[in-house]
Amino acid sequence: MGRTLMAIGTLLLVVGAAIALFERFLPGIGRLPGDIIIRRGNFTFYFPIATSLLASIGLTLLFWLWQRLGR
C-alpha cells in the first residue's frame, strides 16, 4: 500500500510539473473558445471542453504513432 501511494504521489508530481511547463510554452491552453467558465460571487465553475478535446486528439495521435512505430 505504501509503495502504491508513493507511486501515485510521484505520478501526480510529474503530471503537475508537465502541466506547469506546458502552460508556460503554450499560453492560452485552458482558456480556449469553448471552455465554459461561470463566475457567481465567490463561486467559480470551470469546464474545459475545448481544451479536453484538443488534449484527447493530441494523445490519440501520439499513441497511434507510438503503436505504428512500435511494430
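Just above, that's the structure.
Predicted, not measured: the structure shown is a model, and the values here were computed from it.

Within the protein, the secondary structure is distributed over two helices and two strands. Each helix (α) and strand (β) of the protein, taken in turn from the N terminus, gives the series α-β-β-α. The C-alpha radius of gyration computed for the protein amounts to 16 Å, which surpasses the reference 11 Å derived for 71 residues by more than 25%, pointing to a less compact arrangement than a globule. With 71 residues in all, the protein has 7% of them scored as buried.

What follows deals with the pairing of strand S2 (residues 43-47). Pairing analysis gives five bridges linking strand S1 (residues 36-40) to S2, with the strands arranged antiparallel. Within S2, the position partnered with Arg-39 by the bridge is Thr-44. From the end of S1 to the start of S2, which pair antiparallel, there are two residues, and Gly-41 there has a positive phi angle of about 60°.

Let us now look at a nonpolar patch on the surface. A grouping of Ile-36, Ile-38, Phe-43, Phe-45, Phe-47, Ile-49 and Leu-53 is seen on the molecular surface, where their side chains present a nonpolar patch of about 610 Å² in accessible area. Every element with two or more residues in the nonpolar patch is listed here: S1, S2 and helix H2 (49-70). Sorting elements by how many residues they give to the nonpolar patch places S2 first, with three residues. Its place among the elements puts Ile-36 in strand S1. Here Ile-36 falls in the partly exposed class, since its relative accessible area comes to 35%.

Below, the discussion takes up the side chain of Asp-35. Tracing the chain through its elements places Asp-35 in the loop between helix H1 (2-25) and S1. As a buried residue without a salt bridge, Asp-35 has its nearest oppositely charged side chain in Arg-31, at a separation of 8.1 Å. At 2.8 Å, the side chain of Asp-35 forms a polar contact with the side chain of Thr-51. The residues contacting Asp-35, other than those within four sequence positions of it, are Gly-30, Tyr-46, Phe-47, Pro-48, Ile-49, Ala-50 and Thr-51.

Calculation rules
Residues numbered from 1 in each chain as written. Predicted model: local features only at pLDDT ≥ 70, side-chain atom pairs only at ≥ 80, totals over all residues. Heavy atoms only, no water. Helix = DSSP H or I, 4+ residues; strand = E, 2+ residues; numbered from the N terminus. Rg over C-alpha atoms; globule rule 2.2 N^0.38 Å. Buried < 20%, exposed > 50% of the residue type's maximum accessible area, 1.4 Å probe, protein only. Pairing = 2+ DSSP bridges. Patch = residues over 30% accessible without salt bridge, like charges linked within 9 Å, V, L, I, M, F, W, Y side chains within 5 Å. Areas by Shrake-Rupley, 256 points an atom, 1.4 Å probe, with all protein chains shown as cover. Salt bridge = Lys/Arg side-chain N within 4 Å of Asp/Glu carboxyl O. Lys, Arg positive; Asp, Glu negative; His and termini not counted. Polar contact = N/O pair within 3.5 Å; in protein donor to acceptor, adjacent residues only side chain to side chain. Contact = heavy atoms within 4.5 Å.

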